[in-house]
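Residue strings, one per chain:
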Amino acid sequence: MVNHVKDIEAIDQTDDPYLLLPTNHMEPVQLPASQVPRYQSWGRYPKVKEGLVEPVFWRGEIPDLSEIDKTVLPFGYGRSYGDSCLNEGGLVLDTTFLRRFIAFDDEAGVLRCEAGVSLAEVLALIVPRGWFVPVTPGTKFVSVAGAIANDIHGKNHHHAGTFGCHVTQFELLRSNGERLLCSPTENADLFRATIGGLGLTGVILWAEFKLKKIANPFIAMERIRYRSLDEFFEINAQSDHDFEYTVSWMDCLIGGQHMGRGLYWRGNHATAEQGASRRLRKKPRLRVPFDFPSQLLNTLTNRMFNEAVYRSQLTRKIQAISSYDDFFYPLDVILDWNRAYGKQGFLQYQCVVPKDDNYRALKEILAQMRRTGEGSFVVVFKTFGEIKSPGMLSFPRPGATLAVDFSYKGKKTLKFLDTLDQIVRESGGRVGCNLMEKTIQTRIIRRFSAR
Ligand SMILES: Cc1cc2nc3c(=O)[nH]c(=O)nc-3n(C[C@H](O)[C@H](O)[C@H](O)COP(=O)(O)OP(=O)(O)OC[C@H]3O[C@@H](n4cnc5c(N)ncnc54)[C@H](O)[C@@H]3O)c2cc1C
């Protein structure tokens, strides 16, 4: 199977990102039938078969959606988990060929581009010119429209809110063929419903968003080893004000006084002095060449891996000036890393729980994982700040948020996640939308009712 995402991964291999523009992006490429990708989400679960796929090459040549008797869902780079980008039996509109930049105000830091431009391509254009994306997820291989539709959050939620907070306008194609300009002042309800709306309000054709000024491509970062949840919250409270970016990896399988131990990253964009005379170095890419056997990731190997990661840092704190790629996208150097979970795939469980009762719900979730041995080494733990998104259905809200990748082991996994759901629900928290939610209706109901 050939995946068209690979050609956006090639973006880093060029020496001069300026060369990528405009020619590489002006003419979309028609893939031969043998190379048409299979449409799947990053977790490769659930496995569904779409009814029809329609690649979109030009903004002006979108099929008449009112003529189509199937459900329609736009697709980006399939970097979302669960089924939010899948449309079983329906029509998938692949918008990743809409990859043209439209306008870039280098003075004000405002970029307008087509829906399928990836953040990797945006960064290749803007970083050498002293700008950065306002919010980024843990991979840069996502489309701008995907970033809006999932209203992505990054390590700077406490400073910048979600991606949607920085979107100034976009054009939306509705299923009746209408094309609407949406902004905080024009078609404002649709603007708010589309941010975090999972592609259910229409197809974003292009979008405009604000950028962040930077002095260079480096991050002045620190990594701190912490021994317990209490220590995490202490470090986090100290860091929130002084550091724009904060995030941690947590050992979710250890209990007792070390429950929640891990490694904490914090950083700021480097100043001109800190970045002086440094050069970006390209890192070789690795690839997971085949699906690993599903038994490879089990409680024992997860525990061993967690121990090794925790002990990999010998001193309590390290400080460094790192490239933005190393800081934000460590997993992007391993292509196809989702194959490490085997053919059956995996689910990402993400929740946010309030501070109530000293994070009782969080402790309960970790205790459940330890007790059952259900856990993972891919764990992201951070806090969300107070900044509200314009998105009606946005996931983030103040509290601590935990994201854990679970190998899919059949009903047992789903049952376990139901247990976690219940703990989160009772705490007044919220579960991310990336789980298997079989129908669009359920998804909407869940997200609305959780609000
Ligand atoms: C390694 C990794 C790290 C991640 N880290 C984070 C993180 O830190 N924070 C975070 O928030 N997310 C994170 N994610 C999730 C990812 O950022 C989002 O799922 C993102 O939406 C994926 O974008 P995509 O282009 O691949 O879209 P897809 O996965 O293809 O689609 C996602 C949604 O966008 C909709 N969509 C796509 N194109 C359009 C369009 N043109 N118009 C309207 N709707 C459209 C789809 O219908 C679907 O509902 C991570 C994912 C990975 C793999």
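It should be emphasised that the depicted structure is a prediction, and the values quoted were computed from it without experimental measurement.

Colleague: Let's hear about the packing of helix α11 (residues 356–372) against helix α12 (residues 411–427): which residues, and what values?
Modeller: In contact at an axis separation of 10 Å, α11 and α12 are set at 170° when each is read in the N-to-C sense. Looking at the two axes, α11 sits roughly antiparallel to α12. Across the interface between the two elements, Asp356, Ala361, Glu364, Ile365, Gln368 and Thr372 from α11 touch Phe416, Thr419, Leu420, Ile423, Val424 and Ser427 from α12. Across the contact of α11 with α12, the residue classes tally to six nonpolar, four polar and two charged.

Colleague: Kindly report on the sheet that holds strand β2 (residues 72–75), identifying the contributing residues and their values.
Modeller: Taken in spatial order, the three strands line up as β1-β3-β2 in an open sheet, and their pairing is parallel. Either end of the sheet is taken by a strand with one partner, and the two such strands are β1 (52–55) and β2. Averaged over all pairs of adjacent strands, the angle between their axes in this sheet comes to 25°, without regard to strand direction. Judged from the four bridges that link them, β2 and strand β3 (residues 91–94) form a sheet pairing that is parallel. In the sheet register, Leu73 faces β3, and the bridge partner there is Val92.

Colleague: A description of the confidence of the model for the protein should follow, citing residues and the corresponding values.
Modeller: Averaged over every residue, the pLDDT of the protein is 88; the share at 70 or more is 87%. With pLDDT under 50 throughout, residues 1–6 is counted as low confidence; its partners more than four residues away or in other chains account for eleven contacts. A low-confidence stretch, residues 436–451 (pLDDT under 50), is modelled with 14 contacts involving residues beyond four sequence positions or located in other chains.

Colleague: How would you explain the sheet that holds strand β9 (residues 203–210) if you had to name every residue and give the values?
Modeller: Spatial strand order, β4-β5-β9-β7-β8: five strands in an open sheet with antiparallel pairing. Edge positions in the open sheet fall to β4 (101–105) and β8 (179–182), since each of these has one partner strand only. When the angles between neighbouring strand axes are averaged without regard to direction, this sheet yields 10°. For strand β7 (residues 167–173) and β9, the ladder comprises six bridges, and the chain directions are antiparallel. Looking across to β9, one finds that Val167 is bridged to Phe209.

Colleague: Provide a residue-level description of the nonpolar core, including the pertinent values.
Modeller: Soluble globular proteins: nonpolar side chains tend toward being buried together. Within the largest apolar cluster, 49 residues are counted, with the highest numbers of intra-cluster contacts made by Val122, Val144, Ile148, Ile204 and Ala207. If one sorts the elements of this core by residue count, helix α3 (residues 119–126) sits on top with seven residues. For Ile148, the residues in contact, after removing those within four places along its chain, are Phe163, Gly164, Val167, Phe170, Thr194, Ile195, Ile204 and Ala207.

Colleague: Tell me about α3, and please be specific about residues and values.
Modeller: Where burial is concerned, most of α3 is hidden: eight out of the eight residues are buried. If you check which residues of α3 are buried, you get Leu119, Ala120, Glu121, Val122, Leu123, Ala124, Leu125 and Ile126.

Colleague: Please give an account of the site of the ligand that cites residues and values.
Modeller: Near the ligand lie 31 residues; those nearest to it are Gly76, Ser80, Pro137, Gly146 and Gly199. Going through the elements one at a time, β2, α4 (144–149) and β9 are the ones with two or more residues in the shell around the ligand. At four residues, the largest contribution of residues to the shell around the ligand is made by α4.

Colleague: Account for α12, naming residues and giving values.
Modeller: Since one α-helical turn is 3.6 residues long, residues separated by three or four positions face the same way. Here α12 contains 17 residues, and its C-alpha end-to-end distance of 25 Å stays within 8% of the 24 Å for a straight helix at 1.5 Å per residue. For α12, every residue scored as buried is listed here: Leu420, Val424 and Ser427. Viewed along the axis of α12, the buried residues span an arc of 55°, placing them on a single side of the element. For α12, the exposed residues set more than 90 degrees away from the buried face come down to Lys411, Lys415, Asp418, Gln422 and Glu426. Phi turns positive, to about 85°, at Gly428, one or two residues after α12.

What counts as what
Residues numbered from 1 in each chain as written. Predicted model: local features only at pLDDT ≥ 70, side-chain atom pairs only at ≥ 80, totals over all residues. Axes fitted to C-alpha atoms, helices over the stretch in contact; angles between N-to-C directions. Helix = DSSP H or I, 4+ residues; strand = E, 2+ residues; numbered from the N terminus. Parallel < 35°, antiparallel > 145°, perpendicular 65-115°, else oblique. Contact = placed C-beta atoms within 7 Å. Nonpolar A, V, L, I, M, F, W, Y, C, P; charged D, E, K, R; others polar. Pairing = 2+ DSSP bridges. pLDDT = per-residue confidence, 0-100. Core = buried A, V, L, I, M, F, W, Y, C linked by C-beta atoms within 7 Å. Buried ≥ 20, exposed ≤ 12 C-beta atoms within 10 Å, placed from the backbone. Near = placed C-beta within 6 Å. Expected span 1.5 Å × (residues − 1). Arc of directions from axis to C-beta.

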